[in-house]
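# Coordinate inspection notes
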Amino acid sequence: MRQKKQSPNGFTLIELLVVISIIGILSSFAVVSLNSARNKARDALRKADMTQIRTAINLYYDENNRYPICGSWDDTSADFGATVQNGSICYNTALTTALTGGSKPYLGQMPKDPKNPTNVPTVDATYIYRYVGNANGTAYALVYRIEDNTDLQIIRGW
């Protein structure tokens with residue numbers, strides 16, 4: 001009578017290493033695509049914030065016949081004078097007061113960049129919302145940056 005050769009129960013070390021390697025590779029693809037989705041979500045929020053602020057500024061203009069005044073307007077500068085330091089101060093002070101203050105506020109609270117919720121340059125000088133309004137209230141610029149592009153994003157009103 002012939003004896004049956006008993007096969008070992010379980011997996012060999014090589015089989016386990018192959019499976020673990022495949023799972024590791026697949027999970028790294030998932031993490032990369034998740035980070036990309038997070039970047040796109042933050043950029044979408046930034047664009048929505050700017051649309052909301054632009055609408056509030058236009059409502060302010062309709063009632064006051066001028067845009068909020070703050071900063072040093074500069075037509076020769078790429079950001080119209082909404083520098084990181086002064087533009088963020090104008091955003092956090094003059095624009096915030098104009099749009100959220102008074103008996104009839106245009107916004108409940110000012111939006112902040114998702115990577116810089118305090119909107120101060122010492123936390124993150126790259127991702128910060130900035131504002132400048134010229135001295136006679138006839139023009140303004142909102143400046144921000146998105147993660148998909150290194151260029152400044154500028155919304156100019158006049």
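Our structure's up above, just so we're on the same page.
So, here's what we can say about the structure. (Residues numbered from 1 in each chain as written. Predicted model: local features only at pLDDT ≥ 70, side-chain atom pairs only at ≥ 80, totals over all residues. Heavy atoms only, no water.)

Further remarks concern the overall build of the protein. Along the backbone of the protein there are two helices and three strands. Along the protein, helices (α) and strands (β) appear in the sequence α-α-β-β-β when read from the amino end. If one aligns the C-alpha atoms of the protein with their principal axes, the spans along those axes are about 105 × 35 × 25 Å. Within the span of the protein, comprising 158 residues, buried residues form 33% of the whole. In the protein, 59% of the contacts between residues at least 6 apart in sequence involve partners at least 24 apart. (Helix = DSSP H or I, 4+ residues; strand = E, 2+ residues; numbered from the N terminus. Buried < 20%, exposed > 50% of the residue type's maximum accessible area, 1.4 Å probe, protein only. Contact = heavy atoms within 4.5 Å.)

With that settled, consider the sheet that holds strand β3 (residues 152-157). Here we have three strands laid out as an open sheet, ordered β1-β2-β3, and antiparallel in their pairing. With one partner strand each, in any of the chains shown, β1 (130-133) and β3 form the two edges of the open sheet. Neighbour-to-neighbour, the strand axes of this sheet turn through a mean angle of 15°, independent of strand direction. Pairing of strand β2 (residues 140-145) with β3, which is carried by six bridges, proceeds in the antiparallel orientation. If you follow Leu142 over to β3, its bridge partner there is Ile155. On the sheet, helix α1 (residues 13-64) packs against β1, β2 and β3 and is oriented at approximately 170° with respect to β2. Where helix α2 (residues 84-100) meets the sheet, it contacts β1 and β2, and its direction lies at approximately 80° from that of β1. (Pairing = 2+ DSSP bridges. Axes fitted to C-alpha atoms, helices over the stretch in contact; angles between N-to-C directions.)

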